[in-house]
Amino acid sequence: MFENMPGTMPFVRAGKLRALAVTSAQRSPLAPELPTMAEAGVPGYEMIGWNGIMAAKGTPLEIVARLQGEVTRILHTPEITQQLTALGEPLAALLSAAAAIGAGLARAALAASK
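Residues numbered from 1 in each chain as written. Predicted model: local features only at pLDDT ≥ 70, side-chain atom pairs only at ≥ 80, totals over all residues. Heavy atoms only, no water.

> Go over the overall build of the protein with me, naming the residues and quoting the values.
When its secondary structure is counted, the protein shows 4 helices and 0 strands. A compact globule built from 114 residues should have a C-alpha radius of gyration of about 13 Å, whereas the protein, at 18 Å, is more than 25% larger. Based on the C-alpha atoms only, the size of the protein along its principal axes is roughly 55 × 30 × 20 Å. Residue pairs in contact within the protein that sit at least 24 positions apart in sequence constitute 30% of those at least 6 positions apart. Carbon together with sulfur atoms contributes 63% to the accessible area of the protein, which is approximately 8400 Å² in total. Looking at the protein, you have 9 positive and 8 negative side-chain charges, and the mean spots of the two groups are 4 Å apart. (Helix = DSSP H or I, 4+ residues; strand = E, 2+ residues; numbered from the N terminus. Rg over C-alpha atoms; globule rule 2.2 N^0.38 Å. Contact = heavy atoms within 4.5 Å. Areas by Shrake-Rupley, 256 points an atom, 1.4 Å probe, with all protein chains shown as cover. Lys, Arg positive; Asp, Glu negative; His and termini not counted. Charge placed at Lys NZ, Arg CZ, Asp CG, Glu CD.)

In structure tokens:
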């Protein structure tokens, strides 16, 4: 069974489930004792989960940009940073993705204004 860490680690810690490996490329700081899939004998295997926020087709660029900006702002708050870190979320990857989306929106806005 493959499942994300926030959903399984309470069962692992309680001894009700045995974790064999993590599917990320690096060991998780939440469970450094667990090997990666590559370390466990499955080279080249990596699987990560993701979450997304969607908007309807045709949503004005200003609205999409505002939504992206608010999500980025919220991701940087101490409370959310602590919660995501405690859940084992790859915070650096989330923040990097948010910045890349912001850059893409800026390019789209510039192109639309020409």
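Now, onward.
> A description of the nonpolar core should follow, citing residues and the corresponding values.
Listed in full, the 6 residues of the largest apolar core are Met5, Met9, Val12, Val22, Ala31 and Leu34. Beyond its immediate sequence surroundings of up to four residues, Leu34 is in contact with Ala19, Leu20, Val22 and Arg27. (Core = buried A, V, L, I, M, F, W, Y, C linked by side-chain atoms within 4.5 Å. Buried < 20%, exposed > 50% of the residue type's maximum accessible area, 1.4 Å probe, protein only.)

> Residue-level account of the pattern of salt bridges, with values.
Inspection of the entire model under this criterion finds 3 salt bridges. One salt bridge in this structure joins Arg73 and Glu70, with 2.9 Å as the shortest N-O distance. Taken as a pair, Arg73 and Glu70 lie in helix α2 (residues 61–75) at a separation of 3 residues, close to a single helical turn. When its relative accessible area of 46% is taken as the criterion, Arg73 is described as partly exposed. (Salt bridge = Lys/Arg side-chain N within 4 Å of Asp/Glu carboxyl O.)

> Outline helix α1 (residues 5–13), listing residues and values.
Among the residues of α1, those classed as buried are Met5, Thr8, Met9 and Val12. Projected onto a plane normal to the axis of α1, the buried residues spread over an arc of 110° and lie on a single side. (Arc of directions from axis to C-beta.)

> Would you mind going over the packing of α2 against helix α4 (residues 91–112) in detail, with residue names and values included?
Helix-helix packing is described using two parameters, namely the angle between the two axes and the distance between the axes. Two numbers describe how α2 lies on α4: the axes approach to 10 Å, and their chain directions differ by 160°. As far as their axial angle goes, α4 and α2 are roughly antiparallel. Where α2 crosses over α4, the handedness of that crossing is left-handed. Across from Leu61, Val64, Ala65, Gln68, Thr72 and Leu75 in α2, the residues of α4 making contact are Leu94, Leu95, Ala98, Ile101, Gly102, Leu105, Ala108 and Ala109. Among the residues making up the contact of α2 with α4, the classes are represented as 11 nonpolar, 3 polar and no charged. (Axes fitted to C-alpha atoms, helices over the stretch in contact; angles between N-to-C directions. Parallel < 35°, antiparallel > 145°, perpendicular 65-115°, else oblique. Left-handed = near helix turned anticlockwise from the far one by under 90°. Nonpolar A, V, L, I, M, F, W, Y, C, P; charged D, E, K, R; others polar.)

> Explain the side chain of Thr36 residue by residue, including any values.
Its place among the elements puts Thr36 in the loop between α1 and α2. Those residues in contact with Thr36, other than ones at most four positions away along the chain, are Ala21, Val22, Ser24, Ala25, Gln26 and Arg27.

> Hey, could you go over the confidence of the model for the protein for me, with residue numbers and the actual values?
Taken as a whole, the protein shows an average pLDDT of 84; of its residues, 96% reach a score of 70 or greater. Element-level mean pLDDT values for the protein span from 75 in α4 up to 87 in α2. (pLDDT = per-residue confidence, 0-100.)

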